[in-house]
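# Examining the three-dimensional arrangement
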Amino acid sequence: MSADTLSTEARSRKFGAAEADGIVRCDACPVLCRIRPGRSGACSRYANENGHLVRTDPVVLLHDAAEAGQKLVPFGAAEWDGRVLDPSRTFVTGIGAGTTYPDYKPAPFIVASEHEGVETVTVVTEGIFSYCGVKVKIDTDRHLGPERAAIRVNGEEVGHVTTAEYGSQMLSVGGVRHLTGGSKKEGTVTCDALLRLCAGDAVTMTIDGGHEVVVQAGRAPIVDGVPEQRMRVGCGSATVGIFARQWLGHADEVIVVDDHITGVLTEHQAGRVLGMRPAGIRVKGRRSTPGRYFQVANPGIGWGGTDIADPLSIIQAIDPATAWPGLRLLMTSTTGEHALWLVLDDDLKPVPAEMPAPVRQVVERIGENCEPSLCTVLFVAGAGGSLRAGVTENPVLLTRSVAAGETRVTMGGAPVTVWPGGGITVMADVTRMPRNAFGSVPTPALVAPIEFTLPRDLYARLGGHDGDVVAMADVLREVGPAARIDAWNPDHPWPAGEVA
């Protein structure tokens with residue numbers, strides 16, 4: 001073992017201070033819990049074990065067993081010698097690693113390894129994030145609530161509805177002002193909701209002026225008790241354009257109802273290019289361009305994300321000089337979940353009729369082209385002073401290195417998106433992170449893993465804590481017997497490979 005390697009006992013003493021009666025004061029976060037023997041702190045992440053402050057969760061190691069041609073060793077395997085895992089294909093995550101609070105301490109693990117002949121360093125820690133939240137993408141054309149409307153959990157405001165994206169409603173949950181800028185209860189409820197969302201649990205939310213939605217990462221949203229099935233194939237205008245040729249000869253008019261842009265086939269450029277005869281059916285709303293209408297109804301959870309249950313309610317007029325008895329009209333939604341076939345009678349009134357098989361086939365094809373409705377939860381956080389100081393004595397150099405792409409940032413080994421501009425603001429898909437990656441402290445704030453990987457010589461130039469660097473093989477011998485070992489996700493790029 002190298003001279004700069006810390007023993008397990010020495011590493012545990014990096015946190016906490018002994019007091020009378022065997023009590024240990026934990027200094028891993030600003031709460032500074034006084035923990036009695038055999039008890040854990042308020043966060044349940046640290047405990048007093050015989051007068052020593054210890055982590056209650058194991059450090060998580062990720063091993064690329066397939067690449068190394070080895071089998072994973074089960075947690076708690078006997079007779080561990082540190083050689084079972086290939087150091088070159090093992091990654092130490094920040095999960096269970098501990099923090100750098102109160103800022104000046106080096107990160108719990110600063111691990112040296114070699115990749116393709118280049119020596120690299122991975123700085124491993126858990127971050128305490130009060131500047132954090134989640135961005136939630138909900139694949140549905142249902143109207144969940146007005147933009148900027150408050151989102152509530154157990155009656156407490158935890159976020160707001162933000163700008164919708166194509167085929168998806170977007171929510172912003174959490175953030176420092178909900179965690180610490182409101183009442184104590186608001187902060188506690190917000191922290192708990194964030195923790196559950198990041199853990200992949202279902203969270204029930206209500207939206208002011210809107211609806212109830214159950215959000216769970218990687219699962220279909222549930223709106224007012226009804227699971228969503230499909231993400232729309234496109235807006236009403238796009239749906240008309242995509243399927244226009246397939247309707248030609250089978251329908252005289254097609255109206256695709258959509259809260260965004262309702263499409264009318266014979267007026268639309270697609271219908272004109274195909275030489276379709278004008279049908280003389282005018283829909284309500286504001287005409288944008290030929291065959292494209294805004295605001296045909298109010299937003300809602302009915303047809304095409306509108307509030308209507310009867311699609312005929314959006315028809316404003318039928319021109320007797322243009323329409324004709326027997327005109328075949330299809331009205332459908334952007335997901336194909338709603339569809340109605342009508343034929344105009346002698347008085348030019350639409351009468352429901354049995355839908356012909358060729359038309360039904362195209363409606364079903366709309367549904368076939370809709371992707372499954374899912375909830376996506378992206379964790380967003382800013383890496384502040386204590387995180388960066390745990391990496392280097394001159395934190396701005398780390399910020400610049402990350403911005404330049406010289407230092408690779410991961411969270412639990414999962415790739416992240418680093419936002420451009422100042423600071424280190426990262427965004428990660430929670431479903432790509434290992435299980436139980438998140439925790440919390442009662443300040444309140446979330447605790448999440450974060451790792452910085454860079455070449456060893458660059459780490460020295462950044463003013464890194466070079467004296468605290470430990471060889472991967474020594475880390476494995478030190479933490480291996482108590483570590484949780486997960487398989488490396490083969491869809492993730494190997495961090496050292498991106499900086500070597």
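Note that this is a predicted model, so its numbers are computed, not measured. (Residues numbered from 1 in each chain as written. Predicted model: local features only at pLDDT ≥ 70, side-chain atom pairs only at ≥ 80, totals over all residues. Heavy atoms only, no water.)

### A closer look at the sheet that holds strand 24 (residues 328–333)
Reading across the sheet, the 7 strands line up as 21-22-19-18-24-25-26 and stay open at both edges, with mixed pairing between neighbours. If you trace the sheet from one side to the other, it starts and ends with strand 21 (286–289) and strand 26 (350–352), each paired once. The sheet shows a mean angle of 25° between the axes of neighbouring strands, direction not considered. Pairing of strand 18 (residues 253–257) with strand 24, which is carried by 5 bridges, proceeds in the parallel orientation. Across the sheet, the residue bridging to Glu253 is Leu329, located in strand 24. (Pairing = 2+ DSSP bridges. Helix = DSSP H or I, 4+ residues; strand = E, 2+ residues; numbered from the N terminus. Axes fitted to C-alpha atoms, helices over the stretch in contact; angles between N-to-C directions.)

### Notes on the side chain of Thr392
In this fold, Thr392 is placed in the loop between helix 8 (385–389) and helix 9 (395–403). Reaching out from Thr392, the side chain makes a polar contact with the backbone oxygen of Leu462 at a distance of 2.5 Å. The residues contacting Thr392, other than those within four sequence positions of it, are Leu398, Leu462, Gly463, Gly464 and His465. (Polar contact = N/O pair within 3.5 Å; in protein donor to acceptor, adjacent residues only side chain to side chain. Contact = heavy atoms within 4.5 Å.)

### What about the nonpolar core?
One finds Val173, Met205 and Phe379 to be the most contacted residues of the largest nonpolar core, which totals 68 residues. Ranked by residue count, the leading element in this core is helix 4 (residues 184–198), at 6 residues. Not counting residues up to four positions away in its chain, the partners in contact with Val173 are Gly133, Val134, Val136, Ile151, Val158, Gly159, Leu194, Leu197 and Met205. Judged by nonpolar contacts, the second largest core, of 22 residues, contains Val283, Ala297, Leu344 and Leu348. (Core = buried A, V, L, I, M, F, W, Y, C linked by side-chain atoms within 4.5 Å. Buried < 20%, exposed > 50% of the residue type's maximum accessible area, 1.4 Å probe, protein only.)

### Examining the sheet that holds strand 16 (residues 222–223)
Strand order across the open sheet formed by 11 strands is 17-16-15-14-11-12-13-10-27-31-30, with antiparallel pairing between neighbours. With one partner strand each, in any of the chains shown, strand 17 (226–227) and strand 30 (417–418) form the two edges of the open sheet. Packed onto the sheet, helix 4 meets strand 10 (132–139), strand 11 (150–153), strand 12 (156–165), strand 13 (168–174), strand 14 (203–207), strand 15 (212–215) and strand 27 (375–383) and runs at close to 50° relative to strand 12.

### As for helix 7 (residues 357–368)
The end-to-end C-alpha separation of helix 7 is 16 Å, in line with the 16 Å expected for 12 residues at 1.5 Å each. Of the residues making up helix 7, those classed as buried are Val359, Val362, Val363, Ile366 and Gly367. Down the axis of helix 7, the buried side of the element spans an arc of 155°, and every buried residue falls inside it. Facing away from the buried surface of helix 7 by more than 90 degrees, the exposed residues are Ala357 and Glu368. Packed against the buried residues of helix 7 are helix 5 (236–247), strand 24 and strand 25 (339–344). (Expected span 1.5 Å × (residues − 1). Arc of directions from axis to C-beta.)

### What about the pairing of strand 15?
Two strands pair when backbone bridges link them, and strand 14 and strand 15 are joined in this way by 4 bridges, in the antiparallel orientation. The residue of strand 15 that forms the bridge with Thr206 is Glu212. The turn joining strand 15 and strand 16, which pair antiparallel and follow one another in sequence, is formed by 6 residues; a positive phi near 80° is taken by Gly218.

### Notes on the packing of aromatic side chains
Following the criterion strictly, the structure yields 6 aromatic pairs and no others. With centroids separated by 5.0 Å and ring planes inclined at 70°, the aromatic side chains of Phe379 and Phe438 adopt a geometry described as edge-to-face. Note that Phe379 is positioned in strand 27 and Phe438 in the loop between strand 31 (424–429) and strand 32 (439–441), a separation of 59 residues in sequence. Both residues of the pair, Phe379 and Phe438, belong to the buried class. Each member of the aromatic cluster is reached from another via a ring pair, and the members are Phe91, Trp488 and Trp494. (Phe/Tyr/Trp six-rings, centres within 6.5 Å; stacked < 30°, edge-to-face > 60°.)

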